[in-house]
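A look at the structure
The primary structure of each chain is shown beneath.
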Amino acid sequence: MKSFATAALIALATLSACHGKAPDNRGVTRAWARLPVVPGRPGAVYFTLVGTGKADRLVGIDSAVVGRIELHESGMHGRMMTMRPLAGADVPAVGKVVFGPSGNHGMLFDIDKAITPGTAIPMRFVFASGRAVEVETKTVEQGGEAPFPAE
Ligand SMILES: [Cu+2]
């Protein structure tokens, strides 16, 4: 009986060794979120995409504590700052793409009320290659300083 249990355990361990690839979190750095002044309004997330040796494309971001995250492109229309949805963002094999304040950003709709400045927001960045990178943002209040120096 005991040896059966041991054998089962070994089989399980072998299985999980096959599936237990170390998570590959390369490709997304410096993720931070800015919360809205008024709860319920959208916030924003900023980050840097870094090439992993193979060209790829960011196609979406999701989070268990944010209802919906859209990629947005910022621009000027006359003297008005405008934004429009971006379908994705190409990441070169080598190099980086910065999503930062007053530039491209992820827009956070329907943020869980439990999220306050200082609460890390878990996010999953999904790429066209099928890679998914999980990060936790630093989170600041509206108007709060960027936790990373500008790139
Ligand atoms: Cu936006």
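Residues numbered from 1 in each chain as written. Predicted model: local features only at pLDDT ≥ 70, side-chain atom pairs only at ≥ 80, totals over all residues. Heavy atoms only, no water.

Going by an unreviewed UniProt entry, the protein chain carries the name Copper chaperone PCu(A)C and comes from Sphingomonas naphthae.

Let's talk about the layout of surface pockets
In this structure, the largest pocket spans a volume of roughly 300 Å³. Forming the walls of the largest pocket are 19 residues, and the residues nearest its centre are Pro42, Ala44, Tyr46, Met107 and Gln142. Breaking the lining of the largest pocket down by element, the ones donating at least two residues are strand S2 (43–50), strand S5 (80–85) and strand S8 (105–111). Grouping the constituent residues of the lining of the largest pocket by class yields 10 nonpolar, seven polar and two charged. Roughly 220 Å³ of volume is contained in the second largest pocket. Considering the residues around the second largest pocket, the lining is formed by 14 residues, among which Pro36, Pro39, Gly40, Asp112 and Ile115 are closest to the centre. Counted by class, the lining of the second largest pocket contains seven nonpolar, two polar and five charged residues. (1 Å grid on protein atoms, 1.4 Å probe; cavity = no way out; pocket = protein on both sides within 12 Å on 5 of 7 lines; lining within 4 Å. Points joined across faces, edges and corners; volume = space filled by probe spheres on them. Helix = DSSP H or I, 4+ residues; strand = E, 2+ residues; numbered from the N terminus. Nonpolar A, V, L, I, M, F, W, Y, C, P; charged D, E, K, R; others polar.)

A few points about the pattern of salt bridges
If you walk through the whole model with that rule in mind, you get four salt bridges. Its salt-bridge partner being Glu73, residue Arg84 comes within 2.8 Å of it at the nearest N-O pair. With Arg84 in strand S5 and Glu73 in strand S4 (residues 66–77), the pair connects residues that are 11 residues apart, well separated along the chain. Glu73 sits in the partly exposed class, given a relative accessible area of 26%. (Salt bridge = Lys/Arg side-chain N within 4 Å of Asp/Glu carboxyl O. Buried < 20%, exposed > 50% of the residue type's maximum accessible area, 1.4 Å probe, protein only.)

Here's the deal with the environment of Arg41
Turning to its location among the elements, Arg41 is positioned in the loop between strand S1 (28–34) and S2. As for Arg41 and Leu108, which are separated by 67 residues in sequence, their C-alpha atoms are 8.7 Å apart. If sequence neighbours within four positions are ignored, Arg41 has contacts with Pro36, Leu108 and Ile111. (Contact = heavy atoms within 4.5 Å.)

Here's the deal with the coordination of the copper ion
In this structure, His72 (ND1), Met83 (SD), His105 (NE2) and Met107 (SD) serve as the protein donors to the copper ion, at separations of 2.1 to 2.3 Å. Of note is the copper ion, whose four donor atoms meet at the metal with angles of 97 to 123° in an arrangement that counts as tetrahedral. Taken in sequence order, the residues that donate to the copper ion follow the motif H-x10-M-x21-H-x1-M. Taken as a pair, His105 and Met107 share a single burial class, namely buried. (Donors = N, O, S within 2.8 Å, 3.2 Å for Na, K, Ca; no water. Tetrahedral: all angles 85-135°; square planar, octahedral: opposite > 155°, others 65-115°.)

Regarding unusual backbone geometry
If you check the backbone angles, Arg30 has positive phi at about 50° while not being a glycine. Of note, Arg30 is situated in strand S1. On the basis of relative accessible area, Arg30 is assigned to the partly exposed category, the value being 26%. A positive phi angle, near 70°, is found at Ser102, a position not held by glycine. The residue Ser102 is located in the loop between strand S7 (96–99) and S8 in this model.

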